[in-house]
Structure formats: structure tokens, C-alpha cells
Amino acid sequence: PITPLWKECKEKDLLTTENWPDYDMTKAIMKVPYEEKKLFALQKSIYNTAFSPEFLLRKIMKIHSFDDLKYYFRIGKKVYDRFGGFTDTGKVSNE
């Protein structure tokens, strides 16, 4: 879908593709000032932080029904299927 951000990137020639199937978070669709590999390393680092043991424990403590449990398993599976395991804790430089 065309969003204000997409329109701005289009106007400023920041899009790397307009092929909609590429808009699935597996490719960089905006020009960034570093390699795509680093971009995805940063993304993985964010997910490592977001899915820390403390975060997961807080979510588990909020489960009050079987529907809550199903929801968290469904979302967890989607995240895992998209990005795989988050055990690589290699640091990403800011260069």
C-alpha cells in the first residue's frame, strides 16, 4: 500500500524497488547509508533485545486464558519463521 513514507521515499528517490512482493522485510526497500547485511544484523539485534528472557517472562505472566496462550504461540511462530533463531549475539559496529 502507498503510505506517506512511501510517497516521500519515491519523491526523494530513496526506493530500491517498487516490486510489492519485495516489501516483506526480507530485503531493504529503502536506500540506507550502510550495507544491507548490516541493516539485517541491526534488525536481528532489536529482536534479540525485544525477546529477552525478561520480556518473555512478563508476557507469560500476562497469560490469563487459553486464547492468550494460542495468540502468543501464533505470534512467536510467525516471528521465528521469518527471522529464525535469535541466538547470534554478535555485536554490530556503527561504522
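Residues numbered from 1 in each chain as written. Predicted model: local features only at pLDDT ≥ 70, side-chain atom pairs only at ≥ 80, totals over all residues. Heavy atoms only, no water.

**Describing the layout of surface pockets**
Link 1 in the chain: Empty space within the largest pocket amounts to approximately 530 Å³.
Link 2 in the chain: The wall of the largest pocket is formed by 18 residues, among which F51, L56, Y72, I75 and G76 lie closest to the centre.
Link 3 in the chain: Contributing elements (two or more residues each) for the lining of the largest pocket: α2 (36-50), α3 (53-61) and α4 (66-83).
Link 4 in the chain: Top contributing element to the lining of the largest pocket by residue count: α4, with 9 residues.
Link 5 in the chain: Here the lining of the largest pocket is built from residues that sort into 14 nonpolar, 2 polar and 2 charged. (1 Å grid on protein atoms, 1.4 Å probe; cavity = no way out; pocket = protein on both sides within 12 Å on 5 of 7 lines; lining within 4 Å. Points joined across faces, edges and corners; volume = space filled by probe spheres on them. Helix = DSSP H or I, 4+ residues; strand = E, 2+ residues; numbered from the N terminus. Nonpolar A, V, L, I, M, F, W, Y, C, P; charged D, E, K, R; others polar.)

**A closer look at the packing of aromatic side chains**
Link 1 in the chain: Going through the model one piece at a time under the given rule, you end up with 3 aromatic pairs.
Link 2 in the chain: Arranged with centres 4.8 Å apart and planes meeting at 50°, the rings of W20 and Y23 form a pair that is tilted.
Link 3 in the chain: Take W20: its relative accessible area is 40%, and that puts it in the partly exposed class.
Link 4 in the chain: Note on Y23: relative accessible area 26%, which makes it partly exposed. (Phe/Tyr/Trp six-rings, centres within 6.5 Å; stacked < 30°, edge-to-face > 60°. Buried < 20%, exposed > 50% of the residue type's maximum accessible area, 1.4 Å probe, protein only.)

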